[in-house]
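# Per-entry structural report
Residues per chain are reported as follows:
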Amino acid sequence: CLVGPSASGKSFICDELVRNPIFKKVRAVTTRKPRPGEENAGEYVFATEAEFGAYLERGDLVESTVYYGITRNEIEQIWHEGRIVFKPVDISGALACKKVYGDRCATVFVRRSKEDIVSALLERNVPNSDKAGRLLSLDAEMNHESLCDWTVSNNGTLDYAVQQILKIVE
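Just so we're clear, the structure is a prediction, and the values are computed from it rather than from any experiment. (Residues numbered from 1 in each chain as written. Predicted model: local features only at pLDDT ≥ 70, side-chain atom pairs only at ≥ 80, totals over all residues. Heavy atoms only, no water.)

### A few points about the side chain of Thr30
- Of note, Thr30 is situated in strand 3 (residues 28-30).
- Exposure remark for Thr30: the relative accessible area of 1% places this residue in the buried category.
- Sequence-distant contacts of Thr30, that is, excluding residues within four places in its chain, are made with Tyr44, Val45, Phe46, Ala47, Tyr67 and Tyr68. (Helix = DSSP H or I, 4+ residues; strand = E, 2+ residues; numbered from the N terminus. Buried < 20%, exposed > 50% of the residue type's maximum accessible area, 1.4 Å probe, protein only. Contact = heavy atoms within 4.5 Å.)

Structure representation (structure tokens):
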């Protein structure tokens with residue numbers, strides 16, 4: 001589980017890791033509507049609220065929020081392929097995965113300087129209310145580092161952060 005504040009580089013690191021065939025990003029089930037060009041074969045399985053509720057009732061979700069979750073089946077299928085599962089999640093999701101899978105789950109905090117995070121957040125093409133919420137939660141999210149098994153630094157290049165993760169999985 002990659003954990004860190006918004007704009008710490010979790011998604012970019014995931015995009016780099018997936019180039020290596022030992023890694024596979026797990027798809028999440030979400031109730032949000034697909035954006036143009038998105039479909040179930042991509043990063044998400046799109047579900048109605050009723051379908052999402054059924055996943056919850058059956059206990060299929062390892063971790064979830066109000067609108068998003070990761071299924072046991074997705075994780076265990078990737079493991080069955082002999083690959084390493086990864087996904088950027090918030091600290092609650094990481095701790096939920098850790099509770100289910102114990103030592104089979106590693107939590108990796110992506111550390112980036114506060115200045116770089118603020119700058120990246122301000123440049124994002126999202127509503128100001130989203131930016132404000134992410135900025136207000138920044139300090140709390142940065143404090144989650146101590147809850148994670150590992151920390152990688154994204155204060156240089158993304159390649160360096162990826163290399164740190166490759167050393168962790170060796």
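That covers the picture; the talk isn't over yet.
### With respect to the environment of Glu141
- Looking at the element boundaries, Glu141 is found in helix 7 (residues 138-142).
- With 97 residues separating them along the chain, Glu141 and Tyr44 place their C-alpha atoms 24 Å apart.
- Leaving out residues up to four positions away in the same chain, Glu141 has contacts with Gly4, Pro5, Ser6, Phe109 and Arg134.

### What about helix 8 (residues 158-169)?
- Between its terminal C-alpha atoms helix 8 stretches 17 Å, which fits the 16 Å expected from 12 residues at 1.5 Å a residue.
- When helix 8 is considered as a whole, its buried residues turn out to be Ala161, Val162, Gln164, Ile165 and Ile168. For helix 8, the angular spread of the buried residues around the axis is 155°, confining them to a single face.
- Among the structural elements, strand 1 (2-3), helix 1 (10-17), strand 2 (23-25), strand 8 (108-111) and strand 9 (150-153) are those in contact with the buried residues of helix 8. (Expected span 1.5 Å × (residues − 1). Arc of directions from axis to C-beta.)

### Side note on the pairing of strand 5 (residues 61-64)
- Where strand 5 and strand 6 (residues 68-71) come together, 3 bridges link them in antiparallel fashion. Note that in strand 6 the partner of Glu63 across the bridge is Ile70.
- Counting the residues in the hairpin turn of strand 5 and strand 6 gives 3 residues. (Pairing = 2+ DSSP bridges.)

Treat this as a map of the structure, not an account of what it does.
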